[in-house]
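Residue-level structure breakdown
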Amino acid sequence: TKENLQRLCRGIEQYIDKEHTIVYVGFAGHFSSGKSSTINSILSLGNTKNERKTGLNPTDTAISLITDSVNSQSLMLMSRETAIVPIRSIFIDSELLQTLVISDTPGSGDPQVINGMIQDFLPICDHILYFISASNPVDEADLPVLRQLSSKLPFIPITFIVTRTDEFRIDKRRDLSTDNIDKAKQDQFLGQLISRIKSLTKTDSITPQDFLFIDNEYQ
């Protein structure tokens, strides 16, 4: 009970300290689901000093707050190193990030890390993007996070981002394009994915409109 109260106090303090003119978007999903690759894509970080490493080992336990340096003062009170889930700030000059903080969360399966992330930090987010790879759809590693998001943070909008859309190419020898994607296979995949997430989270509110398909390799 004491630990839960301490978590609640920390969450309330973070929400109070949060700059409410800045939008916080949480990137969640287990390791190798495409979070870092997507950040590299949308911020054009490839082959730069700020490029996010991909395929990190799931023992990585830090939350990275990525934003423009103009928001450095706003994030001073958010960063910490002493918690189970450290929070670190990364500043990248970007017009997009001047009113946005991308919160890149760890893909660890450690229950303590998951609890710390969901109870201590994600409640301050305005939106959560949950990443799922089309080459490795929802598995056991996703269950703890999805269940806790559904039960503890139902008030935060969630969009599911399906990466590796190249898995649905009709002709594997050609690049991914609008005329080289098997829509029937993609729709079947989406139907099965929705059914699985509903059964795991015990919710009926998920619809196809909650999903976006992207591919970072083909942009």
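Here's a quick rundown of the structure. (Residues numbered from 1 in each chain as written. Predicted model: local features only at pLDDT ≥ 70, side-chain atom pairs only at ≥ 80, totals over all residues. Heavy atoms only, no water.)

Below, the discussion takes up the pattern of salt bridges. What the rule picks out here adds up to 6 salt bridges. As a salt-bridge pair, R52 and D104 come within 2.8 Å of each other at their nearest N and O atoms. Of this pair, R52 sits in the loop between helix 2 (35–42) and strand 2 (63–67) while D104 is found in strand 4 (residues 100–104), placing the two residues 52 residues apart along the sequence. We classify R52 as buried; its relative accessible area is 18%. Exposure remark for D104: the relative accessible area of 5% places this residue in the buried category. Of the charged contacts, one joins R164 and D166 as a salt bridge, the two residues approaching to 3.1 Å between their closest N and O atoms. For D166, a relative accessible area of 6% puts it in the buried group. Ionic contacts of the salt-bridge type, sharing partners, join the residues R164, D166, E167 and R169 into one network. (Salt bridge = Lys/Arg side-chain N within 4 Å of Asp/Glu carboxyl O. Helix = DSSP H or I, 4+ residues; strand = E, 2+ residues; numbered from the N terminus. Buried < 20%, exposed > 50% of the residue type's maximum accessible area, 1.4 Å probe, protein only.)

As a further point, take unusual backbone geometry. Despite not being glycine, S44 has its phi angle at roughly 55°, a positive value. Exposure remark for S44: the relative accessible area of 57% places this residue in the exposed category. The backbone phi angle of N47 is positive, close to 60°, even though this residue is not glycine. Within the secondary structure, N47 is located in the loop between helix 2 and strand 2.

Quick look at the sheet that holds strand 2 now. Spatially, 3-2-4-1-5-6-7 is the arrangement adopted by the 7 strands of the open sheet, whose pairing is mixed. Taken across any chain shown, the strands that pair with only one partner, and hence form the sheet edges, are strand 3 (87–91) and strand 7 (211–213). The sheet shows a mean angle of 25° between the axes of neighbouring strands, taken without regard to direction. When strand 6 (residues 158–163) meets strand 7, the two strands line up parallel, connected through 3 bridges. Bridge pairing links F160 to F211 in strand 7. (Pairing = 2+ DSSP bridges. Axes fitted to C-alpha atoms, helices over the stretch in contact; angles between N-to-C directions.)

Moving on: the side chain of S94. One can find S94 in the loop between strand 3 and strand 4. In this structure, S94 is in contact with L43 and D68, ignoring residues within four places of it in sequence. (Contact = heavy atoms within 4.5 Å.)

Considered as a void within the structure, the second largest pocket measures approximately 270 Å³ in volume. Around the second largest pocket sit 15 residues that line it, and I158, F160, T203, S205 and I206 are the ones nearest its centre. Of all the elements in the fold, those that place two or more residues in the lining of the second largest pocket are helix 5 (143–152), strand 6 and helix 6 (183–201). Looking at the lining of the second largest pocket element by element, the count peaks at 3 residues for helix 5. The class makeup of the residues in the lining of the second largest pocket is 10 nonpolar, 4 polar and 1 charged. (1 Å grid on protein atoms, 1.4 Å probe; cavity = no way out; pocket = protein on both sides within 12 Å on 5 of 7 lines; lining within 4 Å. Points joined across faces, edges and corners; volume = space filled by probe spheres on them. Nonpolar A, V, L, I, M, F, W, Y, C, P; charged D, E, K, R; others polar.)

All right, on to the packing of aromatic side chains then. Counted according to the given criterion, the structure contains 6 aromatic pairs. Summarising the aromatic geometry, the rings of Y130 and F160 are spaced 6.2 Å apart at their centres and angled 65° between planes, so their arrangement reads as edge-to-face. Here F160 lies in strand 6 and Y130 lies in strand 5 (residues 127–133), a separation of 30 residues in the sequence. Each member of the pair, Y130 together with F160, is buried. In textbook terms, an aromatic cluster arises when at least three aromatic residues are bridged by ring pairs, as seen for Y130, F160 and F211. (Phe/Tyr/Trp six-rings, centres within 6.5 Å; stacked < 30°, edge-to-face > 60°.)

Moving on: the environment of K53. Examined against the element boundaries, K53 turns out to sit in the loop between helix 2 and strand 2. For the pair K53 and N40, spaced 13 residues apart in the sequence, the C-alpha separation amounts to 9.0 Å.

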